[in-house]
Amino acid sequence: MKKINILLILIICLTGCKKNADTTSITGEIKGLGNDTIYLYGIDGLYQHIDTIYVKGDKFSHSLKIDTITTAMLLLKGETEYPIFLDKKEKIKVQGNANNLDHLNIEGNIYNEEFSAFQATLQGPGIPSEKMLEAKAEEFIRQHNNSFVSIYLLDKYFVQKETPDFKKIKELIDVMAGVLQDKPSIGQLTENITQIEKVNEGKTAPFFSLPNQKGEKVTRLDKFKDKYMLINFWASWCEECDSTNVELRKINNKYKKNKEFGILGISFDINKEDWKNKIKQDTLTWEQVCTFTGWNLETAKQYAILKLPTNIFVSPGGRILARDIPTDSLSHEIEKALKKEKK
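Naming follows an unreviewed UniProt entry, where the chain appears as Thioredoxin domain-containing protein of Bacteroides nordii CL02T12C05. Within the UniProt record for the chain, the comment given under Subcellular location (unreviewed entry) is "Cell envelope".

Below is the structure:
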């Protein structure tokens, strides 16, 4: 009987050891975090889960199955996001302080160590300027053209800007090694840039025919024929759109009787009532259209919309004059175009 028990124990041990060998472990201590919850989720489409990690007395441990190198995000204290790079069969160690969650020290593979080193270069008196951050990120990408950290820095400091410089983004992608360019996120970004180049300044605005609140089809050739048109892509659930709507109300009040200018709101809403309620609540009295297909809206793909809100300014002849105009510059750009038209 004793021999059988020993044999069972050996089988269980070997099975457990094999299972542990196949998993990636994350252990850490963040001083001052106490008893809290950390969420872990993928951001590059290669890890589809949202994991819950429980913190007890500042410490935590978690294991997960990873098939290939992936970039994930730790959500700390419900508001601070911090990147973590994971690969199969690794032991990742996280250290930090709850008073400075923007600068953790993560070890366990070269990519986490590279990012920790990059973050250390940002430490110092004062807050680094946006220009300085971009310069440091670009320097890192050029010097580490095969590092997965470069993909993260490209997205954070160049893609996620209010007005991205797509020429610069394309230039930095070209610097990257093939192993990075083959990643789905870079492939999608390259595809988006190609589409944006087709609908950039000077290009012809793609045709659309979309239903308004009454179910009537709206196109540039009927409601906005021979007019300057400001297209505003938005959604009722988009918090960043609220400040833009405030500015658009001012512009609409100023130019609503002007026969040379008009505004069109194209919504990404899925729920019809949410869309109608927001229009009424925010007094959006200019023309509004929606197909209730969210990000699957075909017009959004034609105009290469990557974020909300996005605005596109179109000439009476159907040429794109500008896109992604900063909210505080909208009124000036419209006024300048109308004055030029009168001359």
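Okay, back to it.
Draft legend 1. Summary view of the sheet that holds strand β1 (residues 24–31). Across the sheet, 4 strands lie side by side as β4-β1-β7-β8; this open sheet has mixed pairing. On the outer flanks of this sheet lie β4 (59–64) and β8 (105–107), each paired with one strand and no other. Put simply, the sheet's adjacent strands are angled 15° from each other on average, direction ignored. For β1 and strand β7 (residues 91–97), the ladder comprises 7 bridges, and the chain directions are parallel. Within β7, the position partnered with T27 by the bridge is K93. Sitting on the sheet, helix α2 (residues 110–121) is in contact with β7 and β8, with an inclination near 160° to β8.

Draft legend 2. Quick look at the pattern of salt bridges. Applying the stated rule across the entire model yields 15 salt bridges. Between R142 and E171 there is a salt bridge, with the nearest N and O atoms lying 2.4 Å from each other. Placement of R142 in helix α3 (residues 130–143) and of E171 in helix α5 (residues 166–175) is noted, with a sequence separation of 29 residues between them. Given the relative accessible area of 34%, E171 is considered partly exposed. Across the pair D242 and K278 runs a salt bridge whose closest N-O atoms are separated by 3.1 Å.

Draft legend 3. Quick peek at the sheet that holds strand β5 (residues 70–76). In space, the 4 strands of this open sheet follow the order β3-β2-β5-β6, with antiparallel pairing throughout. Edge positions in the open sheet fall to β3 (50–55) and β6 (80–86), since each of these has one partner strand only. Within this sheet the neighbouring strands show an average axis-to-axis angle of 25°, counted without direction.

Cut-offs used in this document
Residues numbered from 1 in each chain as written. Predicted model: local features only at pLDDT ≥ 70, side-chain atom pairs only at ≥ 80, totals over all residues. Heavy atoms only, no water. UniProt positions renumbered as here; feature names shortened; annotations may be inferred. Pairing = 2+ DSSP bridges. Helix = DSSP H or I, 4+ residues; strand = E, 2+ residues; numbered from the N terminus. Axes fitted to C-alpha atoms, helices over the stretch in contact; angles between N-to-C directions. Contact = heavy atoms within 4.5 Å. Salt bridge = Lys/Arg side-chain N within 4 Å of Asp/Glu carboxyl O. Buried < 20%, exposed > 50% of the residue type's maximum accessible area, 1.4 Å probe, protein only.

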